[in-house]
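Each chain, written out:
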Amino acid sequence: MPVHLLNRAKDGGGEIGVITPIPAPVPRTPAAAAATAARARVLVVEDEPSLAKALANELGRLHDVILASSAAEALSQLEGASFDVVLCDLRMPGMSGEALYTRLEQINPDHARRFIFMTGVGFGAEVERFLAAAGRPVLEKPFSADAALDAIVKVVSRNPAK
């Protein structure tokens, strides 16, 4: 166990030392903090199989990850389970991430507060207005695993589990 000398004084010819353990360093980034935090349940809604698998592998080191390949599948997952975070692609075939979020705002606002959007496509003024109104974090593809982990830590810290 690493130790450091807290106090040293001379007393009657002898030295008295008090030795205490060195405290563990405090993580400096949210991603580092995620490594010491409790595992979060993360629903990843992504229609691109290779990206979904990569996200599951990276995030799965620290969190419990469930994949949904469409907004409809995500709705089914969200009906039967609770998640700490929903990491959702904005543009998908069929129901978009925007439409999924809007639907959840109506039927389960708690899940809507746990969204993080991902996008790899430039977006117009309408989507920009939606994202500003939603006030949810956005990860622009390509993004690093650390960026996703940082966003997850922030969402979890703002929405503690019930």
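Here, the structure is the one placed above.
What counts as what
Residues numbered from 1 in each chain as written. Predicted model: local features only at pLDDT ≥ 70, side-chain atom pairs only at ≥ 80, totals over all residues. Heavy atoms only, no water. Axes fitted to C-alpha atoms, helices over the stretch in contact; angles between N-to-C directions. Helix = DSSP H or I, 4+ residues; strand = E, 2+ residues; numbered from the N terminus. Parallel < 35°, antiparallel > 145°, perpendicular 65-115°, else oblique. Left-handed = near helix turned anticlockwise from the far one by under 90°. Contact = heavy atoms within 4.5 Å. Nonpolar A, V, L, I, M, F, W, Y, C, P; charged D, E, K, R; others polar. Salt bridge = Lys/Arg side-chain N within 4 Å of Asp/Glu carboxyl O. Buried < 20%, exposed > 50% of the residue type's maximum accessible area, 1.4 Å probe, protein only.

Student: Teacher, can you tell me more about the packing of helix α3 (residues 71–80) against helix α4 (residues 97–107) here?
Tutor: Helix packing geometry: the angle between the two helix axes and the distance between the axes. Taken N-terminus to C-terminus, the directions of α3 and α4 make an angle of 25°; their axes are 11 Å apart at the nearest point. When the axes of α3 and α4 are compared, the pair comes out roughly parallel. Remark: the crossing between α3 and α4 carries right-handed chirality. Note on element contacts: α4 touches α3 through Leu100, Arg103, Leu104 and Ile107, opposite Ala71, Ala74, Leu75 and Leu78. When its residues are assigned to classes, the contact of α3 with α4 shows seven nonpolar, no polar and one charged.

Student: Please explain the pattern of salt bridges as it appears in this structure.
Tutor: A side chain of one charge can pair with a side chain of the opposite charge when the charged atoms of the two come close. Following the criterion strictly, the structure yields six salt bridges and no others. Here Asp110 makes a salt bridge to Arg113, at a shortest N to O gap of 3.3 Å. Residue classification places Asp110 among the buried residues on the basis of a relative accessible area of 17%. By relative accessible area, Arg113 is classed as partly exposed at 40%. Measuring nitrogen to oxygen at the nearest pair gives 3.3 Å for the salt bridge that ties Arg114 to Asp110. Residue Arg114 shares its accessibility class with Asp110, and that shared class is buried. In the salt-bridge network here, residues are joined through shared partners; they are Glu46, Asp89 and Lys141.

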